[in-house]
Amino acid sequence: MSLSRRQVAVAGMAAVPLALSVGGTAHARDRRTLHIAGDSTAAQKYANAAPETGWGMALPFFLRKDLFVANHAVNGRSSKSFVDEGRLDAVFSVIRPGDFLLIQFGHNDEKKEDPTRYTEPWSTYQQYLRRYVEGARARGARPVLATSVERRRFDAAGKALPTHGEYPAAMRALAAEEGVALLDLQTLSLARWQELGPEATKTYFNWTATEQDNTHFNPPGAIEVARLVARELLRTRVLGPRDVRRLDERIPESWITWPEAAA
């Protein structure tokens, strides 16, 4: 499946209604853009999925209004399937010099039972990630790698457990080899879940009366992870102090909205 330039642009704009409300679409296109390529943990969610929330939906709250966020992340995608479906080419059709491409994959690369998504950490996973890195650089944009945010998993003693195997290490190695900024969300989120503990973390994940989801976030969880992302973008000097805001402020859950899905 391939996507048109218009489809990708519309999907990205849907993730940032606050940014568009400031000066209109034309004004937004004149700004630097931070593009997100990733999976369901980052993706835009719609009304039929509420209260499930991707961290990309909350990221604009921590960035200055002149830095536009285009969220291309899609549920269920791996570094491989995102490419094979034509989604990376569609992102490259709209990316511009001076933009950023934030790349977070791993949750679905791990699925050995699905050859359309599975990659091997130290070979095909790194090979696909290089396509994102090299393609962004070829277009004058800056690639940024982000290890997968951790799931909610604890042992009987209350210790938070890593769930992503060798994928974070493979991404760290690639980032060092290619000289790419790395946001180590896996390490940071694991430490945060440990700090909160087994019970408190339920208030950050999509636990409802009918669902106990230890992978996807609700509004507080998405806001918490987006805060980690913004802090890491500042720490790694991908962004400067003038590019970020509200890093230590409470973000109201009511700021999160779920638009109706396009027909």
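Above this note sits the structure.
In short, a report on the structure. (Residues numbered from 1 in each chain as written. Predicted model: local features only at pLDDT ≥ 70, side-chain atom pairs only at ≥ 80, totals over all residues. Heavy atoms only, no water.)

Glancing now at the packing of helix α8 (residues 185-200) against helix α9 (residues 219-235). The contact between α8 and α9 brings their axes to 11 Å, and the two run at 135 degrees. Relative to α9, the element α8 lies oblique. In the packing of α8 onto α9, the handedness of the crossing is right-handed. Between α8 and α9, the residues in contact are Leu185, Leu188, Ser189, Arg192 and Trp193 and Glu224, Val225, Leu228, Val229 and Glu232, respectively. Taken together, the residues of the contact of α8 with α9 break down into 6 nonpolar, 1 polar and 3 charged. (Axes fitted to C-alpha atoms, helices over the stretch in contact; angles between N-to-C directions. Helix = DSSP H or I, 4+ residues; strand = E, 2+ residues; numbered from the N terminus. Parallel < 35°, antiparallel > 145°, perpendicular 65-115°, else oblique. Left-handed = near helix turned anticlockwise from the far one by under 90°. Contact = heavy atoms within 4.5 Å. Nonpolar A, V, L, I, M, F, W, Y, C, P; charged D, E, K, R; others polar.)

The next point concerns the environment of Ala146. Looking at where Ala146 falls in the secondary structure, it is placed in strand β4 (residues 142-146). Residue Ala146 is classed as buried on the basis of its relative accessible area, which comes to 0%. With 35 residues separating them in the primary sequence, Ala146 and Ala181 have C-alpha atoms 8.5 Å apart. If near-sequence neighbours (up to four positions away) are discounted, Ala146 is found in contact with Leu102, Ile103, Gln104, Phe105, Met171, Leu183 and Leu185. (Buried < 20%, exposed > 50% of the residue type's maximum accessible area, 1.4 Å probe, protein only.)

Counting 43 residues, the largest nonpolar core has Trp55, Leu59 and Val229 as its most contacted members. Elements represented by at least two residues in this core include exactly β1 (32-38), α3 (55-58), β2 (67-71), β3 (100-104), β4, β5 (181-183), α8 and α9. The greatest single-element share of this core, amounting to 8 residues, is contributed by α9. If sequence neighbours within four positions are ignored, Trp55 has contacts with Ile36, Thr41, Ala42, Leu102, Gln104, Phe217, Ala222, Val225, Ala226 and Val229. (Core = buried A, V, L, I, M, F, W, Y, C linked by side-chain atoms within 4.5 Å.)

Applying the stated criterion to the full structure yields 16 salt bridges. Ionic pairing is found between Arg137 and Glu178, a salt bridge with its closest N-O pair at 3.7 Å. Here Arg137, found in helix α6 (residues 121-138), pairs with Glu178, found in helix α7 (residues 167-178); they are 41 residues apart in sequence, far enough to count as distant. Arg137 sits in the partly exposed class, given a relative accessible area of 38%. Two residues, Glu195 and Arg192, come together in a salt bridge whose shortest N-O distance is 3.0 Å. Of this pair, Glu195 and Arg192 both sit in helix α8, separated by 3 residues, roughly a single helical turn. (Salt bridge = Lys/Arg side-chain N within 4 Å of Asp/Glu carboxyl O.)

Among the structural elements, Asp155 can be located in the loop between β4 and α7. A relative accessible area of 30% means that Asp155 is categorised as partly exposed. For the pair Asp155 and Pro198, spaced 43 residues apart in sequence, the C-alpha to C-alpha distance is 9.1 Å. Within the structure, Asp155 has its side chain in polar contact with the backbone nitrogen of Lys159 (distance 2.8 Å). (Polar contact = N/O pair within 3.5 Å; in protein donor to acceptor, adjacent residues only side chain to side chain.)

Limitation: the analysis is restricted to geometry and does not speak to function.
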